[in-house]
Amino acid sequence: MKSEDITSIQYGGNHYKKRAIEPWHVWEAYDMNGWEASALKYLLRYKDKGNPVEDLYKCLHNIQYLILREERKLNVPNQTT
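So, here's what we can say about the structure. (Residues numbered from 1 in each chain as written. Predicted model: local features only at pLDDT ≥ 70, side-chain atom pairs only at ≥ 80, totals over all residues. Heavy atoms only, no water.)

Time to look at helix α4 (residues 52–74). Note on helix geometry: an α-helix contains 3.6 residues per turn, so any two residues three or four positions apart are oriented the same way. If you check α4, its first and last C-alpha atoms are 33 Å apart, about what 23 residues at 1.5 Å a residue would give, namely 33 Å. All of the buried residues in α4 are Asp 55, Cys 59, Asn 62, Leu 66 and Glu 71. Phi turns positive one or two residues past the end of α4, at Asn 75, with a value near 60°. (Helix = DSSP H or I, 4+ residues; strand = E, 2+ residues; numbered from the N terminus. Expected span 1.5 Å × (residues − 1). Buried < 20%, exposed > 50% of the residue type's maximum accessible area, 1.4 Å probe, protein only.)

Attention now moves to the side chain of Asp 55. Checked against the element boundaries, Asp 55 lands in helix α4. Classification of Asp 55 by relative accessible area gives buried; the value is 3%. Not counting residues up to four positions away in its chain, the partners in contact with Asp 55 are Tyr 42, Arg 45, Tyr 46 and Lys 49. (Contact = heavy atoms within 4.5 Å.)

What the rule picks out here adds up to 1 aromatic pair. Seen in terms of ring centroids, Trp 35 and Tyr 65 are 4.7 Å apart; in terms of plane orientation they differ by 35°. Their pairing is tilted. A residue pair is termed long-range when its members are at least 10 positions apart, and Trp 35 in helix α3 (residues 34–45) and Tyr 65 in helix α4 qualify at 30 residues. The class of Trp 35 is partly exposed, set by a relative accessible area of 35%. Tyr 65 sits in the partly exposed class, given a relative accessible area of 30%. (Phe/Tyr/Trp six-rings, centres within 6.5 Å; stacked < 30°, edge-to-face > 60°.)

Per the stated rule, a full pass over the model turns up 3 salt bridges. In this structure, Arg 45 engages Asp 55 in a salt bridge whose closest nitrogen and oxygen atoms are separated by 2.8 Å. Taken together, the residues Arg 45 in helix α3 and Asp 55 in helix α4 connect sequence positions 10 residues apart. Residues Lys 58 and Glu 54 are paired through a salt bridge, measuring 3.9 Å at the closest nitrogen-oxygen approach. (Salt bridge = Lys/Arg side-chain N within 4 Å of Asp/Glu carboxyl O.)

Right, dumping it as structure tokens:
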């Protein structure tokens, strides 16, 4: 299957297709890892799905994990406790 064929498909709604750019193009351009990509995905779709607050919490959860990872790299005490 060709790349353009794959990128023209969206399962489960049209909340990404109706935007100028799809999240996975940003993920690729910025070489994002899974947590970064998930945070962006939830942030970009929260207005278009059935439960916006839930998607914002999912975004926050991914960002909190990224903060924890960065703190561990810097050997910084956890700031959330």
